[in-house]
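Topology and contacts: notes
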Amino acid sequence: MAKYTYLVSVITPDKVGLTRDIAQTVVDLKGYISDMRQTIVSGFFSLVFVTEHQEDVGSKLHDALRSILPDGAVLSIMPNPDRVRKAHPVIGSRYVAIASGEDRPGIMLAIAAFMASHNINIEDWSTLFDGAHVTHLAYVTFRAPCTDLKATQSAFRKVMAEYGFTAQLCHEDIFRATGEVAPIKSITQE
C-alpha cells in the first residue's frame with residue numbers, strides 16, 4: 001500500500017500525447033495512477049487523476065509535470081486525497097441520468113438543482129451536441145437511501161418535460177445491459 005497519494009488536475013490546450021507524457025512522468029517517479037478521468041472540452045485537455053507513491057514526491061511531481069506542460073497550463077496537486085474520499089463514501093448503486101432535447105439556457109441548472117434537491121451526487125456528466133439538440137448524460141449516486149425510486153424517476157421526467165426534454169433515470173446495470181456486448185449475468189455480477 002502506498003504511503004503518499006496526490007490528486008492531480010491538469011488543464012491545457014489539447015495536443016496528441018499529453019496523457020502519455022503525464023503517465024510517463026508518474027512512472028518515472030515510481031508512481032501508480034489508481035484513478036483518473038480525462039476529457040476534451042472545447043479544445044482543452046482536462047485530466048484529473050490520483051497517483052500513489054512509496055515516498056513523498058509532491059514537489060518533484062509538480063516540477064516534472066510543469067516541465068512537460070506548455071506555458072499557461074493549469075496544474076494543481078493536492079496531497080492526501082484519501083481523507084476526502086473516506087469522508088464522502090458512496091451509498092447505494094450508481095444510476096444513469098439522461099435528458100435530451102433542444103438546448104436552452106437553464107437546463108444544466110434544472111438538472112443540477114433536481115439532483116441536489118433529491119440528495120443525488122453527480123459523479124460524471126457530459127453533454128453531446130447535435131446542432132441545437134443536446135443530450136446530457138450523467139452517472140449519479142444517491143447520498144442517502146432512495147425510499148421511492150419510481151417517484152424519483154417520475155419527478156425527474158416531469159421536471160425535464162417542463163423544459164421540453166425527455167429524460168430517464170435508470171440503474172447502471174440496465175444501461176450497461178443495453179449497451180454492452182456480454183451475457184447479462186456477467187454484467188450484473190461484477
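It should be noted that the structure appears before, not after, this text.
In this report, we go over the structure that sits alongside the text. (Residues numbered from 1 in each chain as written. Predicted model: local features only at pLDDT ≥ 70, side-chain atom pairs only at ≥ 80, totals over all residues. Heavy atoms only, no water.)

1. Considerations on the pairing of strand 2 (residues 32-41)
Put simply, the rule is: Here the rule is simple: two strands pair whenever DSSP picks up at least two bridges between them. In this text, helices come from DSSP runs of H or I with a minimum length of four residues, and strands from runs of E with a minimum of two, each type numbered from the N-terminal end.
When strand 2 meets strand 3 (residues 44-53), the two strands line up antiparallel, connected through nine bridges. Opposite Val41, over in strand 3, you have Phe44 as the bridge partner.

2. A closer look at helix 2 (residues 58-68)
Short version of the rule: Burial status follows relative accessibility: with a 1.4 Å probe on protein chains alone, a residue under 20% of its type maximum counts as buried, one over 50% as exposed, and anything between as partly exposed. Think of it as the arc spanned by the lines of direction from the helix axis to the C-beta atoms. Two residues form a contact once any of their heavy atoms are found within 4.5 Å.
For helix 2, the full list of buried residues reads Gly58, Leu61 and Leu65. Projected down its long axis, helix 2 shows its buried positions confined to an angular sector of 65°, all on one face. Facing away from the buried side of helix 2, by more than 90 degrees, are the exposed residues Ser59, Asp63 and Ser67. On its buried side, helix 2 packs onto strand 1 (4-13), helix 1 (18-28), strand 3 and strand 4 (74-79).

3. Some remarks on a nonpolar patch on the surface
This is how it is decided: Patches here are clusters of residues that have more than 30% relative accessible area and form no salt bridge, with a 9 Å joining cutoff for like charges and a 5 Å cutoff for nonpolar side chains (Val, Leu, Ile, Met, Phe, Trp, Tyr). Residue exposure ignores everything except the shown protein chains as possible cover, and the areas themselves are Shrake-Rupley values with a 1.4 Å probe. In what follows, salt bridge is the name for a side-chain nitrogen of Lys or Arg lying within 4 Å of a carboxyl oxygen of Asp or Glu.
Taken together, the side chains of Ile11, Phe44 and Val74 present a nonpolar region at the surface, about 250 Å² in accessible area. Structurally, the position occupied by Val74 is in strand 4.

4. Some points on the packing of aromatic side chains
Put simply, the rule is: Two rings belonging to Phe, Tyr or Trp (six-membered ring only in the last case) form a pair when the distance between their centres is within 6.5 Å. Interplanar angles under 30 degrees mark stacking, angles over 60 mark edge-to-face geometry, and anything in between is tilted.
The tally for this structure, following the rule as stated, stands at two aromatic pairs. Measuring from ring centre to ring centre gives 5.1 Å for Tyr95 and Phe142, while their planes differ by 85°; the resulting arrangement is edge-to-face. One end of the pair, Tyr95, is in strand 5 (residues 94-102); the other, Phe142, is in strand 7 (residues 133-142), with 47 residues separating them in the sequence. Across this residue pair, the class does not change: Tyr95 and Phe142 are buried. Measuring from ring centre to ring centre gives 5.2 Å for Phe114 and Phe156, while their planes differ by 45°; the resulting arrangement is tilted. Of the two residues, Phe114 is situated in helix 4 (residues 107-117) and Phe156 in helix 5 (residues 149-161); the sequence distance between them amounts to 42 residues.

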